[in-house]
Amino acid sequence: DAGITQSPRHKVTETGTPVTLRCHQTENHRYMYWYRQDPGHGLRLIHYSYGVKDTDKGEVSDGYSVSRSKTEDFLLTLESATSSQTSVYFCAISEASIANTDTQYFGPGTRLTVL
Amino acid sequence: GESVGLHLPTLSVQEGDNSIINCAYSNSASDYFIWYKQESGKGPQFIIDIRSNMDKRQGQRVTVLLNKTVKHLSLQIAATQPGDSAVYFCAENIPGADGLTFGKGTHLIIQP
């Protein structure tokens, strides 16, 4: 998994509670991404970061926020979890931007269930 | 190919045969493509990539073919092994888009 860890790997929570997922990389890559994966859909981008404190929204950002205070860590927060946010969440990293056509490498994923 | 609804297309091949997995991508301006392999319970794993200025690229036991005329990408796996069982999906980079655009995947099943 290209030096990428995600924590927790599994979480069950209740509707309305805040949840934070962590992605940690040891590759010193500049770009980090959060995706969700659901049946019937390809991976969909939630948020991404192009440097410390530099983040931007992706395709499905509503209800999510992110923070990146260090190169190696990218946090995804569900402000108030809803059942529609039950999904598998993947973190990815790349050395250069997509504009420079650099490959993204993925972490092992976090399975989140919101009851 | 791409999936419809909740069920992925399935390709079943005999161990030792060659597999060909197809992907129809969405945008004629896409300039970079990646094939990923995803085993159950794991994250997507990079297999091979190709840029739009190429039509073929070979790796170890894998070949990617790009046909820009019909917006079609294929992944060929030679001498398929049991460890090749997984979901395979393509991704494309559309210039100006935020991040890659992913296909839904094809489930490759290896018959003994």
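Everything numeric in this text was worked out from a predicted model, so none of it was measured. (Residues numbered from 1 in each chain as written. Chains lettered and ligands numbered in written order. Predicted model: local features only at pLDDT ≥ 70, side-chain atom pairs only at ≥ 80, totals over all residues. Heavy atoms only, no water.)

## Overview of the overall build of chain B
Phase 1 of the analysis: Along the backbone of chain B there are zero helices and ten strands.
Phase 2 of the analysis: Tracing chain B from N to C terminus, the helices and strands come up as β-β-β-β-β-β-β-β-β-β.
Phase 3 of the analysis: Relative to the globule expectation of 13 Å for 112 residues, the C-alpha radius of gyration of chain B, 14 Å, shows essentially globular dimensions.
Phase 4 of the analysis: Dimensions of chain B along its principal axes, counting C-alpha atoms only, are 45 × 30 × 25 Å.
Phase 5 of the analysis: Looking at the 112 residues of chain B, the share that counts as buried comes to 41%.
Phase 6 of the analysis: Here the analysis covers contacts within chain B between residues at least 6 apart in sequence; of these, 54% occur between residues at least 24 apart. (Helix = DSSP H or I, 4+ residues; strand = E, 2+ residues; numbered from the N terminus. Rg over C-alpha atoms; globule rule 2.2 N^0.38 Å. Buried < 20%, exposed > 50% of the residue type's maximum accessible area, 1.4 Å probe, protein only. Contact = heavy atoms within 4.5 Å.)

## Focus: the sheet that holds strand S7 (residues 64-70) of chain A
Residues and elements named next belong to chain A.
Phase 1 of the analysis: Strands sit in the order S1-S3-S8-S7 across an open sheet of four strands; the sheet is antiparallel. Every interior strand has two partners, whereas the edge strands, strand S1 (4-7) and S7, have only one. In this sheet, neighbouring strand axes are inclined to one another by 20° on average, regardless of whether the strands run parallel or antiparallel.
Phase 2 of the analysis: Bridge analysis of S7 against strand S8 (residues 73-78) gives five bridges, and the strand direction is antiparallel. Directly across from Ser65, in S8, lies its bridge partner Thr77. (Pairing = 2+ DSSP bridges. Axes fitted to C-alpha atoms, helices over the stretch in contact; angles between N-to-C directions.)

## Regarding the packing of aromatic side chains
All names here are of chain A.
Phase 1 of the analysis: Scanning the model with the defined rule gives 13 aromatic pairs over all chains in all.
Phase 2 of the analysis: Between Tyr33 and Tyr48 the ring centres are 6.3 Å apart and the planes differ by 25°, which places this aromatic pair in the stacked class. Placement of the pair is Tyr33 in strand S4 (residues 31-37) and Tyr48 in strand S5 (residues 44-51), with a sequence separation of 15 residues. (Phe/Tyr/Trp six-rings, centres within 6.5 Å; stacked < 30°, edge-to-face > 60°.)

## Some details on the state of the cysteines
Phase 1 of the analysis: Under the criterion given, the structure shown has two disulfides over all chains.
Phase 2 of the analysis: Here Cys23 of chain A connects covalently by a disulfide to Cys91 of chain A, the sulfurs 1.9 Å from one another. Negative torsions about the S-S bond denote left-handed disulfides, and the value of about -70° found for Cys23 of chain A with Cys91 of chain A makes this one left-handed. Remark: Cys91 of chain A occurs in strand S9 (residues 87-94) and Cys23 of chain A occurs in strand S3 (residues 19-25); sequence separation between them is 68 residues.
Phase 3 of the analysis: A relative accessible area of 0% means that Cys91 of chain A is categorised as buried.
Phase 4 of the analysis: The residue that forms a disulfide with Cys23 of chain B is Cys90 of chain B, at a sulfur-sulfur distance of 1.6 Å. With Cys23 of chain B in strand S2 (residues 19-24) and Cys90 of chain B in strand S8 (residues 86-93), the pair connects residues that are 67 residues apart, well separated along the chain. Per residue, the accessibility class of Cys23 of chain B equals that of Cys90 of chain B, and both read buried. (Disulfide = S-S within 2.5 Å.)

## As for the pattern of salt bridges
Once the charged atoms of two side chains with opposite charge are near each other, the side chains can pair.
Phase 1 of the analysis: A full pass over the atoms with the stated rule returns seven salt bridges over all chains.
Phase 2 of the analysis: Note that Asp73 of chain A and Arg22 of chain A form a salt bridge whose closest N and O atoms lie 3.1 Å from each other. One end of the pair, Asp73 of chain A, is in strand S8; the other, Arg22 of chain A, is in strand S3, with 51 residues separating them in the sequence.
Phase 3 of the analysis: The class of Arg22 of chain A is partly exposed, set by a relative accessible area of 34%.
Phase 4 of the analysis: For Glu39 of chain B, the salt bridge identified is with Lys42 of chain B, shortest N-O distance 4.0 Å. (Salt bridge = Lys/Arg side-chain N within 4 Å of Asp/Glu carboxyl O.)

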